[in-house]
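Residues per chain, in single letters:
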2 protein chains.
Amino acid sequence: MPSFRVFCIDSDFPIENIPYGIFSIPGKLGVFARGQLNDFMALGSSVWKKTRAALQKFFTKHLPAAIGDYTDFYSSRPHATNVGTMFRGKDNALKENWLHLPVGYHGRASSVVVSGQDIYRPKGQTRDDATKPPIFGECRRLDFELEAAFFVGPGNKMGHPISIDEAHDQIFGIVLMNDWSARDIQKWEYVPLGPFLAKNFATTISPWIVTLDALEPFRIASEKQDPSPKPYLQDKKLSAYDVQLQVSIQGKEAKEPTIVSNSNMKYLYWTFTQQLTHHSVTGCNMRPGDLLGSGTISGPKKEEYGSMLELSWSGKKPIKLNDGSERAFLHDGDTVVVTGHAQGKGYRIGFGEARGTVLPAHK
Amino acid sequence: MPSFRVFCIDSDFPIENIPYGIFSIPGKLGVFARGQLNDFMALGSSVWKKTRAALQKFFTKHLPAAIGDYTDFYSSRPHATNVGTMFRGKDNALKENWLHLPVGYHGRASSVVVSGQDIYRPKGQTRDDATKPPIFGECRRLDFELEAAFFVGPGNKMGHPISIDEAHDQIFGIVLMNDWSARDIQKWEYVPLGPFLAKNFATTISPWIVTLDALEPFRIASEKQDPSPKPYLQDKKLSAYDVQLQVSIQGKEAKEPTIVSNSNMKYLYWTFTQQLTHHSVTGCNMRPGDLLGSGTISGPKKEEYGSMLELSWSGKKPIKLNDGSERAFLHDGDTVVVTGHAQGKGYRIGFGEARGTVLPAHK
Ligand SMILES: [Ca+2]
Ligand SMILES: [Ca+2]
Ligand SMILES: [Mg+2]
Ligand SMILES: [Mg+2]
Ligand code: NI
């Protein structure tokens, strides 16, 4: 299958963007390899239509890179505070390490899929009632997590950390991500080694990698960090990005999606460069194509929360969708779409979408 | 570089074993591709010697597979009990989920290296004194972990779990592993998402993959599991293995290694088949070449403990090496070697070794 770098002149991908992605089209494609479109134009409108349809059908079917390792962080302060409050109470919400380092964990690379691929509701062990034995069955608290993620460029040799000054140039570009999560499985399994099966069944990313160059006009100061980070984590450059993010849910029978979250990439206390530098400070070797997720990006307001866990406050306050139905967590047949864009003057840098529909669990 | 399947008639790799591995030799090798050694014999003893030296030098330089994802479990009861006792006291040593499922976490695949590669002491944040801010510097509690690990064979499609009955045939073979660990980094970072930098700087495996067929005579019943596991984890076949395991440490100046641990692969409460089945029960797709570690294999006796953390009881009781020096944790220049074999009647199935020397931290 041939692969291409493409860009399209539409609202998400104007000339200012030029994202990278991989797609394939069956049949002859030499016409695109010639640096101009004259030969393609000569093929006539039925070919143009077929090509467009093929593009639409195929371009979401390929991951933009072979992902060696996938890591996920936990870098939004509102998100970590919300989750901590639900699990441990308000006064003990942030663990003491959280303000000193970007907390993260290694995730599962094999189940990172590209937008458009349906995902299966997972099964696993859960224990709601501590006085009874755990039970095995379908996840009943299936969630999304609104995230961004970046691909690593050249990387580093084992034993030779990436310094914070080198980190910018080590980031190839950014995608949107939905880190599907099974909250009931997570609660039972995660002590003491962290989330495992609760996160390993699927992670959806958008197919187009938006470069840091395209996002340069939207680079802003990150949240003030207090206490001041250790010198190895101090970035002299601005390293947050002002990118609007949105999540919608559409039930199987619903006529339209409902926007359930409006957040922003700037709500990251720890930035991408800090995440990458921290990850490699032990000498861990990063490789081209490694994917590093930001962690759920929740803003401070309720409508900016980036997961059902937070939006429904652990299921206690289900939210209403446009068709009148309620959601505490995701139902079978629900389609979750993450979108994002940076708004320039007269143009926008779009990210496309990270879309997935929940299939019933395997029988 | 050409690759081969080889077997050698020596103590570790007799005809009963026939492990798999990848190695490369510079120069012409067509003589080995002909199915018999006559042409090689014809080349004479200087070529034989050079070939042997090249083999010794090179065969430990290649991982036996491209590892897609690496997961590590926590399946020895003595190990989990020891660590839990040190961290939380005797009465609360095993967390309540431990007897119900094989606790595990996703690890870092990029830094899995083959026996013989030196590893760098990591740097990172630690906090020994909770009344003071964390500090940044070299790891001061560098440890080994004695483990076995298995490679996945065909794998499964996303959404379609591997059943316990299919699990045996999904295991390609077993290697030895040293999961290098930075205990001081781990202690500060691991709440609430588990070990991350403490484990991502290096993991050493032995180069030869010993097949389950070779280990068939050594397959035994696993430890009795009480409470009885959920049906999806009940294996009707015996699935533990009687394989003796050993760890030695040799300081830079020492004339000989000191054996510091004698353990056995049978000290796993959760077996390889249970680990694999549990891993995929959510529908997580396993791929050929995925590596699943057993977790530190400690036996019930002190001399069977599989880590310095346990052997020196968190550094409080340093152990003596043959040269008179003491170790609470590993020093720069220390060489750690993990070996293992199953003892048959008149032959043994060996695993070779997982060897690594600690280099000083990056300046
Ligand atoms: Ca996440
Ligand atoms: Ca381990
Ligand atoms: Mg995920
Ligand atoms: Mg390791
Ligand atoms: Ni260097």
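All values derive from a computational prediction rather than experimental measurement. Note that residues are indexed from 1 along each chain, following the sequence as it is written. In the order they appear in the text, chains get letters beginning with A and ligands get numbers beginning with 1. Per-residue local features are limited, in this predicted model, to residues with pLDDT of at least 70; the limit for side-chain atom pairs, both in listing and counting, is 80 or more; totals at the level of whole chains, interfaces and linings are taken over all residues. With hydrogens and water stripped out, all remaining heavy atoms of the structure feed into the side-chain values.

### Details of the coordination of the nickel ion (ligand 5)
Next, step 1: Looking at the nickel ion (ligand 5), one finds its protein donor set to be His160(A) (ND1) and His362(B) (NE2), positioned 2.1 to 2.2 Å from the metal centre. One end of the pair, His160(A), is in the loop between strand 8 (146–152) and helix 4 (164–167); the other, His362(B), is in the segment after strand 20 (348–359), on a second chain.
Next, step 2: Note on classification: 1.4 Å probe, protein chains only; a residue is buried when its accessible area is under 20% of the maximum for its type, exposed when over 50%, partly exposed between these limits. The exposure class of His362(B) is partly exposed, given its relative accessible area of 28%. Only nitrogen, oxygen and sulfur atoms qualify as donors, and only when within 2.8 Å of the metal (3.2 Å in the case of Na, K and Ca); with water excluded, sites may look incomplete. Where helices and strands are cited, they refer to DSSP runs of H or I of at least four residues and of E of at least two residues respectively, numbered from the N terminus.

### Thoughts on the coordination of the calcium ion (ligand 2)
All names here are of chain B.
Next, step 1: In the first shell of the calcium ion (ligand 2), the protein supplies Asp-72 (OD), Glu-145 (OE), Glu-147 (OE) and Asp-179 (OD), at 2.2 to 2.3 Å from the metal.
Next, step 2: In primary-sequence terms, the residues that donate to the calcium ion (ligand 2) follow D-x72-E-x1-E-x31-D. In this pair, Glu-147 sits in strand 8 (residues 146–152) while Asp-179 sits in the loop between strand 9 (171–178) and strand 10 (181–182), placing the two residues 32 residues apart along the sequence.

### Here we look at the sheet that holds strand 8 of chain A
Residues and elements named next belong to chain A.
Next, step 1: Read from one edge of the open sheet, seven strands run 2-1-16-8-9-11-3, paired in mixed fashion. On the outer flanks of this sheet lie strand 2 (104–106) and strand 3 (112–114), each paired with one strand and no other. Adjacent strand axes in the sheet meet at a mean angle of 30 degrees when their direction is disregarded.
Next, step 2: Only strands that DSSP links by at least two bridges are regarded as paired with each other. When strand 8 meets strand 9 (residues 171–178), the two strands line up antiparallel, connected through seven bridges. Its bridge partner being in strand 9, Glu-147 is matched across the sheet by Met-177.
Next, step 3: A contact between two residues is defined here by any heavy atoms of the two lying within 4.5 Å. All axes here are fitted lines through C-alpha atoms, helices being fitted over the stretch that makes contact, and every angle between N-to-C directions spans 0 to 180 degrees. Running at roughly 60 degrees to strand 8, helix 7 (residues 272–280) makes contact with strand 1 (70–73), strand 2, strand 8, strand 9 and strand 16 (291–293) of the sheet.

### Things to note about unusual backbone geometry
All names here are of chain A.
Next, step 1: The omega torsion across Asp-226 and Pro-227 is 10 degrees, close enough to zero to call that bond cis.
Next, step 2: Examined against the element boundaries, Pro-227 turns out to sit in the loop between strand 12 (219–220) and strand 13 (240–241).
Next, step 3: Residues other than glycine seldom take positive phi values, yet Ser-314 does so here, at roughly 60 degrees.

### Let's talk about the interface of chain A and chain B
Next, step 1: Residue-level contacts link 59 residues of chain A with 59 residues of chain B.
Next, step 2: Two parts lose some accessible area (1.4 Å probe) when they are put together, and adding that loss for both gives the buried area. Both faces considered, chain A and chain B share a buried interface measuring about 5900 Å² in area, 61% of it formed by carbon and sulfur atoms.
Next, step 3: By the criterion of area lost to chain B, the three top residues of chain A are His106(A), Leu193(A) and Phe196(A), representing 14% of everything that side buries.
Next, step 4: By definition here, a salt bridge exists when the distance from a side-chain nitrogen of Lys or Arg to a carboxyl oxygen of Asp or Glu is within 4 Å. Here chain A is connected to chain B by six salt bridges.
Next, step 5: In this structure, the salt-bridge partner of Arg108(B) is Asp290(A), at a minimum N-O distance of 2.5 Å.
Next, step 6: Between N or O atoms, a polar contact is any pair within 3.5 Å; within protein, one atom must be a potential hydrogen donor and the other a potential acceptor, and residues adjacent in sequence are included only when both atoms are from side chains. Summed over the shared surface of chain A and chain B, the number is 30 residue pairs in polar contact (both at pLDDT 80 or more).
Next, step 7: Of all the secondary structure elements, the ones that give two or more residues to the side of chain A that touches chain B are strand 1, strand 2, strand 5 (123–126), strand 6 (135–138), helix 5 (183–189) and helix 7 of chain A.
Next, step 8: With three residues, strand 2 of chain A is the single largest residue contributor to the side of chain A that touches chain B.
Next, step 9: Nonpolar residues are Ala, Val, Leu, Ile, Met, Phe, Trp, Tyr, Cys and Pro. Charged residues are Asp, Glu, Lys and Arg, and all others, Gly as well, are polar. Within the side of chain A that touches chain B, the residues separate by chemical class into 29 nonpolar, 20 polar and ten charged.

### Re the packing of aromatic side chains
Next, step 1: The rule is short: rings of Phe, Tyr and Trp, with Trp giving its six-membered ring, pair when the centres are within 6.5 Å, and they are stacked under 30 degrees, edge-to-face over 60, tilted in between. Under the counting rule described, the total for this entry stands at 16 aromatic pairs over all chains.
Next, step 2: Here the aromatic rings of Trp98(A) and Tyr269(A) are separated by 5.3 Å at their centres, their planes lie at 45 degrees, and the arrangement is tilted. Here Trp98(A), found in the loop between helix 3 (77–88) and strand 2, pairs with Tyr269(A), found in the loop between strand 15 (258–264) and helix 7; they are 171 residues apart in sequence, far enough to count as distant.
Next, step 3: Looking at Tyr269(A), the relative accessible area reads 0%, which means it is buried.
Next, step 4: Aromatic pair Tyr232(A) and Phe136(B): ring centres 4.5 Å apart, planes at 25 degrees, arrangement stacked. Separated into two different chains, Tyr232(A) in the loop between strand 12 and strand 13 and Phe136(B) in strand 6 (residues 135–138) make up a pair that spans both.
Next, step 5: For Phe136(B), a relative accessible area of 33% gives the class partly exposed.
Next, step 6: Taken together, the aromatic side chains of Trp98(A), Tyr269(A) and Trp270(A) make up a single cluster linked through ring pairs.

### As for helix 3 of chain A
Three or four residues apart is the spacing at which side chains of an α-helix point the same way, because the helix has 3.6 residues per turn.
Residue and element names in this part refer to chain A.
Next, step 1: Multiplying 1.5 Å by the helix residue count minus one yields the expected span of that helix. End to end, helix 3 covers 15 Å across twelve residues, agreeing with the expected 16 Å (1.5 Å per residue, within 8%).
Next, step 2: Buried within helix 3 are the following residues: Pro-78, His-79, Ala-80, Asn-82, Val-83, Gly-84 and Met-86.
Next, step 3: Considering only its buried residues, helix 3 is in contact with helix 8 (308–311).
Next, step 4: The opening residue of helix 3, the one whose side-chain oxygen lies 3.1 Å from the backbone nitrogen of His-79, is Ser-76.

### Structural notes on the sheet that holds strand 15 of chain A
Residues and elements named next belong to chain A.
Next, step 1: Pairing is mixed in the open sheet, where five strands are placed in the order 4-20-19-14-15. In this open sheet, the two edge strands, each paired with only one partner strand, are strand 4 (119–120) and strand 15.
Next, step 2: By the bridge criterion, two bridges tie strand 4 to strand 20 (residues 348–359) in an arrangement that is parallel. Looking at the pairing, Tyr-120 lines up with Leu-359 of strand 20.

### Side note on the relation of the copies chain A and chain B
Next, step 1: Taken as rigid bodies, chain A and chain B are interconverted by a rotation of 180 degrees and an axial shift of 0.0 Å, the fit giving an RMSD of 0.1 Å. Put plainly, the chains are arranged around a two-fold axis. Taking the C-alpha atom as reference, chain A places Gly194(A) closest to the rotation axis, 2.0 Å from it. The least-squares superposition of copies is restricted to C-alpha atoms, and to residues with a pLDDT of at least 70 in both copies.

### Notes on the side chain of Glu147(B)
Next, step 1: In this count, Lys and Arg are taken as positive residues and Asp and Glu as negative ones, while His and the chain termini are left out. Lys199(B) provides the closest opposite charge to the buried, unpaired Glu147(B), separated from it by 5.4 Å.
Next, step 2: Not counting residues within four places of it along the chain, the set of residues in contact with Glu147(B) comprises Asp72(B), Leu176(B), Met177(B), Asp179(B), Gly293(B), Ser294(B), Gly295(B), Thr296(B) and Ile297(B).

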